[in-house]
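Single-letter residue listing:
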There are 2 protein chains.
Amino acid sequence: MTADLAAVARRAGVSPATASRVLSGRGPASAASRQQVLAAAAELGYRPHPVARRLARGTGTRVVFGFRDRRTDVLSDQWVCRVVAAVAEVADRHGLGVSLRRLPLDCGPDLAEIAADRSVAALVLAGHDRSVRPAMRGRVATIGAAVDGIPGADVDSAAGLTALLTHLHAQGRRRIALVGGQRWLGAARAPRDAYASFVTAAGLPSRTVTGDFTAARGRAAARRILDRWPDTDAVVAVNDATALGVLAGLAQAGAAVPHDIAVTGFDDLPTADAVRPALSTATHPVERIAAAACTAALGLAPGAGLFPSRPVLRESA
Amino acid sequence: MTADLAAVARRAGVSPATASRVLSGRGPASAASRQQVLAAAAELGYRPHPVARRLARGTGTRVVFGFRDRRTDVLSDQWVCRVVAAVAEVADRHGLGVSLRRLPLDCGPDLAEIAADRSVAALVLAGHDRSVRPAMRGRVATIGAAVDGIPGADVDSAAGLTALLTHLHAQGRRRIALVGGQRWLGAARAPRDAYASFVTAAGLPSRTVTGDFTAARGRAAARRILDRWPDTDAVVAVNDATALGVLAGLAQAGAAVPHDIAVTGFDDLPTADAVRPALSTATHPVERIAAAACTAALGLAPGAGLFPSRPVLRESA
DNA sequence: CTGTTAGCGCTTTCAT
DNA sequence: ATGAAAGCGCTAACAG
């Protein structure tokens, strides 16, 4: 039914090899043959067979998004879902699909399996830290800090958090607490460090509580903070989900936001603007980040890069 | 490097065809040969080449999730992202990837293009209505109402909404407004109808406002409702995003939830439980729905099915 | 139940 | 620049 390359070549009066060169844009071809081939392809309504192409080239057909986490219920994480969707949209432009794979903390075996799967064109990793080293020969990128040689599409969270802290400080907040992330997570490090530098530089007390990027823990963290340091006047959360939890926890405890306590999130998920009080946070170009990680993993772009984290001030701070 | 089928066959002392039959589980094979082949495969660490397999079988390598909507920014819709992620997880088990494709309202040409793409193993459609008819020969399923012959993984939203309305009524709410969805959207029909039947049966006034499944419109809808029917004592929203917006709009107008006005959502997204007041809504098995649609589209399951919508009562109603 | 023989559709050396 | 030919790795129709 559908015309194949041979048919196009025949009609163009050239060999399949030449037709292939023209249609795939790889390899030389005279203007004349190019002309013929293109015309023939158009007339025949030729559509290359992506699968055949990938088999011949030895490239895979899907990019795996590997998310390393302790939770089993990955789908309830908005950030994860958003990134997967973003990657799915980018991948579509390359004729590829995305698979979501939850990875345990000790993901060596899983990574080896992924590397051995020849349907995998590339691996995009998130939730990693220094200890994670993919078993793949290239075709890998991370969302988050780059790890030895592997390109990473990272958010400049140090700058973003510092900007938020600066804002709070300018507002007169002097007893600022941080709800951070798990220690095993690479992405939790930068915020923690940025917070530490800021408070010491500004001569503020350091008040840190560990969360896990979920609203549930954010809520618990709010209570803990109120218990330990009742005079806290601002809470900086490592992401929006946590901040939402903090908001809920504070409301439950009867603290007024932002009057008594200011709250900030991180990521600027759609909900940040839908809740009351609207969440002040830092916004990140998720789509561009996903796209960068994806193309870098596919080897279509040199490296990934550092993306801006811009404060978005709404009502909560 | 990696052993191929021929190597396994050779080592097992059988033909490639037999090895293929055993390893792919299709076609007959004597216990003896099966034994040999399996052993040989194990010893050689044989991993089938998914791409070659798909080329030979003529099946595609990815499932396209087509989302029909007027918005360009699909990624800011939590439901969409969640479904994509869920499909991506299910697809992974079949060695497939998912592509996300935004479809315009008039998506005929796009569907034709998707059908012509031989890398597409299946199409999962959402945001459709009766007018949409995929150009594919099978390999399609919808999330939402089934349309002529195409299986659909649908939520029993009529039952879910009715349950919510019944709850509100039992609470003494008598002036209940609905924030529905766009008329061109098939998924918006069932809730609208369910609401209509309920209010007429209960002898309540009908108060309907059209939303678009976003928080922004939900907020606007809340204001409109307050304007037109100041004595409204409950607002039922067609989804959680809308409900979040309604919550924000009511808060802004100084209405207390649930004291003055009760609010309900639909879907039970993770945020529903993170906001204050926590959103009363109806919960749906998103993963199972996505899985059903995916497997049905791939032709691995007969049809999709109707999934339960169970009320989850929290604080807002 | 098994082997033989063609493919699936495109790419890519390697000569020319 | 171009063509012939040899794959990429597996599946499936067809005899036997």
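Conventions used here
Every chain begins its residue count from 1, and numbering advances along the sequence as written. Whichever chain is written first becomes A and whichever ligand is written first becomes 1, with later ones labelled in order. The predicted origin of the model limits local features to residues at a pLDDT of at least 70 and limits the giving and counting of side-chain atom pairs to 80 or more, whereas totals for whole chains, interfaces and linings rest on all residues. As a rule here, side-chain values cover all heavy atoms of the structure and leave hydrogens and water aside. The rule for pairing is simple: two strands pair if DSSP sees at least two bridges between them. Put simply, DSSP H or I for four residues or longer makes a helix, DSSP E for two residues or longer makes a strand, and each gets a number counted from the N terminus. Between the N-to-C directions of two axes lies an angle of 0 to 180 degrees, each axis being a line fitted to C-alpha atoms and, for a helix, fitted only over the stretch in contact. Between two residues, a contact is recorded if the distance between any of their heavy atoms is within 4.5 Å. The cut-offs work like this: below 35 degrees is roughly parallel, past 145 is roughly antiparallel, 65 to 115 is roughly perpendicular, and the gaps in between are oblique. When residues are grouped by polarity, Ala, Val, Leu, Ile, Met, Phe, Trp, Tyr, Cys and Pro land in nonpolar, Asp, Glu, Lys and Arg in charged, and all others, Gly among them, in polar. In this analysis, the expected span of each helix is defined as 1.5 Å times one less than the number of residues it contains. Each residue is assigned to one of three classes by its accessible area relative to the maximum for its type, calculated with a 1.4 Å probe on protein chains only: buried under 20%, partly exposed between the two thresholds, exposed over 50%. For any pair of parts, buried area is found by adding up, for both, the accessible area (1.4 Å probe) each one loses once the two are put together. Any Lys or Arg side-chain nitrogen located within 4 Å of an Asp or Glu carboxyl oxygen qualifies as a salt bridge. Polar contact criterion, stated in full: a pair of N or O atoms within 3.5 Å, where within protein one must be able to donate a hydrogen and the other to accept it, and residues adjacent in sequence count only if both atoms are side-chain atoms. We call Phe, Tyr and Trp rings a pair once their centres come within 6.5 Å, taking the six-membered ring for Trp, and we label the pair stacked below 30 degrees between planes, edge-to-face above 60, and tilted otherwise. Superposition of the copies used a least-squares fit over C-alpha atoms from residues whose pLDDT is at least 70 in both.

1. Here's the deal with the sheet that holds strand 9 (residues 262-264) of chain B
Residue and element names in this part refer to chain B.
Next, step 1: Spatially, 4 strands are ordered 7-6-8-9 in an open sheet, and the strand pairing comes out parallel. Each end of this open sheet is capped by a strand with a single partner; those strands are strand 7 (207-210) and strand 9. Neighbour to neighbour, the strand axes of the sheet diverge by 15 degrees on average, direction disregarded.
Next, step 2: Where helix 7 (residues 157-170) meets the sheet, its contacts fall on strand 6 (176-180), strand 8 (234-237) and strand 9, and the angle it forms with strand 8 comes to roughly 170 degrees.

2. Considering the packing of helix 2 (residues 16-24) of chain A against helix 3 (residues 31-44) of chain A
Residue and element names in this part refer to chain A.
Next, step 1: Where helix 2 contacts helix 3, the axes come no closer than 9 Å and their chain directions differ by 80 degrees. It follows that helix 2 is roughly perpendicular to helix 3 by the angle criterion. Residue-level inspection shows Thr18, Ala19, Val22 and Leu23 of helix 2 in contact with helix 3, the latter providing Ser33, Arg34, Val37, Leu38 and Ala41.
Next, step 2: Partitioned by chemical class, the residues of the contact of helix 2 with helix 3 number 6 nonpolar, 2 polar and 1 charged.

3. Considering helix 5 (residues 78-93) of chain B
Residue and element names in this part refer to chain B.
Next, step 1: Here helix 5 is 16 residues long and its end C-alpha atoms lie 23 Å apart, about the 22 Å a rise of 1.5 Å per residue gives.
Next, step 2: Burial runs high along helix 5: 14 of the 16 residues are buried.
Next, step 3: One or two residues past the end of helix 5 sits glycine 95, with phi positive at roughly 70 degrees.

4. Thoughts on the interface of chain B and chain A
Next, step 1: Each partner contributes residues to the interface: chain B has 49 residues there, and chain A has 49 residues.
Next, step 2: Here chain B meets chain A over a buried area of about 4,400 Å², counting both sides, of which 58% is carbon and sulfur.
Next, step 3: Looking only at chain B, the three residues that lose the most surface to chain A are B:Leu75, B:Arg118 and B:Arg276, adding up to 16% of its buried area.
Next, step 4: The interface formed by chain B and chain A contains 4 salt bridges.
Next, step 5: For the salt bridge of B:Asp92 with A:Arg101, the shortest nitrogen-to-oxygen distance reads 2.6 Å.
Next, step 6: Linking chain B to chain A there are 15 residue pairs in polar contact (both at pLDDT 80 or more).
Next, step 7: When contributions to the side of chain B that touches chain A are tallied by element, the ones reaching two or more residues are helix 4 (50-57), helix 5, strand 2 (97-103), helix 6 (108-116), helix 9 (215-228) and helix 10 (240-253) of chain B.
Next, step 8: In terms of residue count, helix 5 of chain B provides more of the side of chain B that touches chain A than any other element does, 9 residues in total.

5. Regarding the packing of aromatic side chains
All names here are of chain A.
Next, step 1: The full count for this structure, using the stated rule, is 4 aromatic pairs over all chains.
Next, step 2: Pairing phenylalanine 65 with phenylalanine 67 gives two aromatic rings, centres 6.4 Å apart and planes at 15 degrees, and the pair type is stacked.
Next, step 3: On the basis of relative accessibility, which here comes to 6%, the residue phenylalanine 67 falls in the buried class.
Next, step 4: Cluster of aromatic residues (ring-pair linked, three or more members): Phe65, Phe67 and Trp79.

6. Side note on the relation of the copies chain B and chain A
Mapping between the two chain copies consists of a rotation about an axis together with a translation along that axis.
Next, step 1: Superposition of chain B onto chain A requires a rotation of 180 degrees combined with a translation of 0.0 Å along the rotation axis, giving an RMSD of 0.1 Å. Such a combination of turn and shift is consistent with a two-fold rotation axis. Scanning chain B for the C-alpha nearest the rotation axis identifies B:Gly97, at a separation of 1.9 Å.
Next, step 2: Comparing interface residues between copies, 100% of those in chain B also lie at the interface in chain A; the contact surface is shared.

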